[in-house]
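Structural characterization, general
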Amino acid sequence: MSRSRNPSRSFTRARDPSVPNLLHLIIEPGFFSSAPVHVALAAGGVVALVSGIVGSFAVIRGQSYAGHALADISVTGGSASYLVGVSPLWGFVGVGVLAAGVMDMIGVQRPRGRDLATGIVRGAGLGLAALFLYWDTTHSNVSGATITILFGSMFTISSSLLPVITLLSVAAVGIVAILYRPLLLSSVAPDLAGVRGISVRLVGLLVLIAISVAVALSAMTIGTILSTALLIGPAAIGLRLTSRPGLAMAWGALAGLAATWLGMLLAYDSFYWPPARHGWPVSFFVVTLIFLGYVAVAGITGRVSASRVRRA
């Protein structure tokens, strides 16, 4: 996050009357009154909730690698969007959904076949991404395109994109909500789901599209190379806390929301930190908080499980 993009430059360090005196010790003045921060809080919060919900099924279905591949492929869409002069969000979503369809078309339902299809599409997507990024840096007048694509731009999201982000989020969550029961059955027992008349292939395609949308939204906020962390990390935390899928999705959404908002606060405060006083990237804080949260939850649940075993 460069200094010129940090919203704190638009405000003085005068005391913000909306923040209690004690909070001034940990919150830089202007955080709650900054318009770019308001947009970032709204967009980041919505994306975190979607990632926690959709990501739960990515983990349950063993499609973490597919999520990672879609994140890599979204670089292709983001870099192409700068060449044609549209918002990176459209590139992330468009290429992500297209890649999900191709992965399903050339793959099979067995894990080995899915991984093979994912790897093939990922390789082709990265090849195009390399070409488009090269053109961005050599033939485009847009500065900082590569940094924005790879590491995100939470504090520079336009307020005009909030309705689009919201609609895409509703669509991704709606897929999971409508297909919840058949999706859960096909995730844990695909053969039984087929016997009961569930179209396992169609369900798999739709959930892969939902994952691609969630990854695209994450790429818009914390960048393409780290978007998988927001998809998988909070969901993994939720599934460590409970074995009930619905409750795990709720925990995952809350974990993602907490990491995103706290990461934004730390990034805002870091504008005055050493070494360069340019601000640390939001994506670094978000991913670090998710990692620390998972380690803490894994440690606690591990000790609880060991204690129950000893008592038994």
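Rules and cut-offs
- Residues numbered from 1 in each chain as written.
- Predicted model: local features only at pLDDT ≥ 70, side-chain atom pairs only at ≥ 80, totals over all residues.
- Heavy atoms only, no water.
- Core = buried A, V, L, I, M, F, W, Y, C linked by side-chain atoms within 4.5 Å.
- Buried < 20%, exposed > 50% of the residue type's maximum accessible area, 1.4 Å probe, protein only.
- Helix = DSSP H or I, 4+ residues; strand = E, 2+ residues; numbered from the N terminus.
- Patch = residues over 30% accessible without salt bridge, like charges linked within 9 Å, V, L, I, M, F, W, Y side chains within 5 Å.
- Areas by Shrake-Rupley, 256 points an atom, 1.4 Å probe, with all protein chains shown as cover.
- Salt bridge = Lys/Arg side-chain N within 4 Å of Asp/Glu carboxyl O.
- Phe/Tyr/Trp six-rings, centres within 6.5 Å; stacked < 30°, edge-to-face > 60°.
- Polar contact = N/O pair within 3.5 Å; in protein donor to acceptor, adjacent residues only side chain to side chain.
- Contact = heavy atoms within 4.5 Å.
- 1 Å grid on protein atoms, 1.4 Å probe; cavity = no way out; pocket = protein on both sides within 12 Å on 5 of 7 lines; lining within 4 Å.
- Points joined across faces, edges and corners; volume = space filled by probe spheres on them.
- Nonpolar A, V, L, I, M, F, W, Y, C, P; charged D, E, K, R; others polar.
- Axes fitted to C-alpha atoms, helices over the stretch in contact; angles between N-to-C directions.
- Parallel < 35°, antiparallel > 145°, perpendicular 65-115°, else oblique.
- Left-handed = near helix turned anticlockwise from the far one by under 90°.
- pLDDT = per-residue confidence, 0-100.

1. Focus: the nonpolar core
If you look at the biggest cluster of nonpolar residues, it comprises 69 residues, and the most contacted ones within it are Val 54, Leu 89, Phe 155 and Ile 165. It is helix α9 (residues 200-222) that contributes the most residues to this core, 13 residues altogether.

2. Here we look at a nonpolar patch on the surface
On the surface, Leu 83, Val 84, Val 86, Trp 90, Leu 128, Leu 131, Tyr 134 and Trp 135 cluster together into a nonpolar patch covering about 760 Å² of accessible area. Going through the elements one at a time, α2 (64-84) and α4 (111-139) are the ones with two or more residues in the nonpolar patch. The residue Leu 128 is located in helix α4 in this model. Take Leu 128: its relative accessible area is 42%, and that puts it in the partly exposed class.

3. Description of the packing of aromatic side chains
Scanning all chains against the criterion turns up six aromatic pairs. Taking 6.0 Å as the distance between ring centres and 80° as the angle between the ring planes, the aromatic pair formed by Phe 57 and Tyr 180 counts as edge-to-face. Separated by 123 residues along the polypeptide, Phe 57 in helix α1 (residues 35-60) and Tyr 180 in helix α7 (residues 180-188) bring together distant segments of the chain.

4. Some thoughts on the side chain of Thr 242
Tracing the sequence through the fold places Thr 242 in the loop between α10 (227-241) and α11 (245-269). Reaching out from Thr 242, the side chain makes a polar contact with the backbone nitrogen of Arg 244 at a distance of 3.1 Å. Ignoring sequence-local partners within four residues, the contact set of Thr 242 consists of Leu 247, Ala 248 and Trp 251.

5. Quick word on empty space enclosed by the protein
Tallied over the entire structure, the rule returns three cavities of 30 Å³ or more. There is about 40 Å³ of room inside the second largest cavity. Around the second largest cavity, the lining residues are Tyr 82, Pro 88, Phe 92, Thr 148, Ile 149, Gly 152, Ser 153, Ala 219 and Met 220. A per-class count over the lining of the second largest cavity returns six nonpolar, three polar and no charged.

6. Thoughts on the packing of helix α6 (residues 162-178) against α9
One way to put it is that α6 packs onto α9 with a least axis distance of 9 Å and a crossing angle of 150°. Viewed along their axes, α6 and α9 adopt a mutual orientation that is roughly antiparallel. The way α6 lies across α9 gives a crossing that is left-handed. Along its contact with α6, which presents Ile 165, Leu 168, Ser 169, Ala 172 and Ile 175, the element α9 presents Leu 206, Val 207, Ala 210, Val 213 and Leu 217. Partitioning the contact of α6 with α9 into residue classes produces nine nonpolar, one polar and no charged.

7. Some points on the confidence of the model for the protein chain
For the protein chain, per-residue confidence averages 83 on the pLDDT scale, and residues scoring 70 or more make up 84% of the total. For the protein chain, α4 is the element with the lowest average pLDDT, namely 77, and α6 is the one with the highest, namely 95. Confidence drops under pLDDT 50 across residues 1-15; counting only partners more than four residues distant or on other chains, this segment forms 41 contacts.

8. Side note on the environment of Gln 63
Here Gln 63 is to be found in the loop between α1 and α2. Looking at Gln 63, the relative accessible area reads 6%, which means it is buried. Along the sequence, Gln 63 and Ile 232 sit 169 residues apart, while their C-alpha atoms lie 9.6 Å from each other. Among the polar contacts listed, one links the side chain of Gln 63 to the side chain of Arg 61, at a separation of 3.1 Å.

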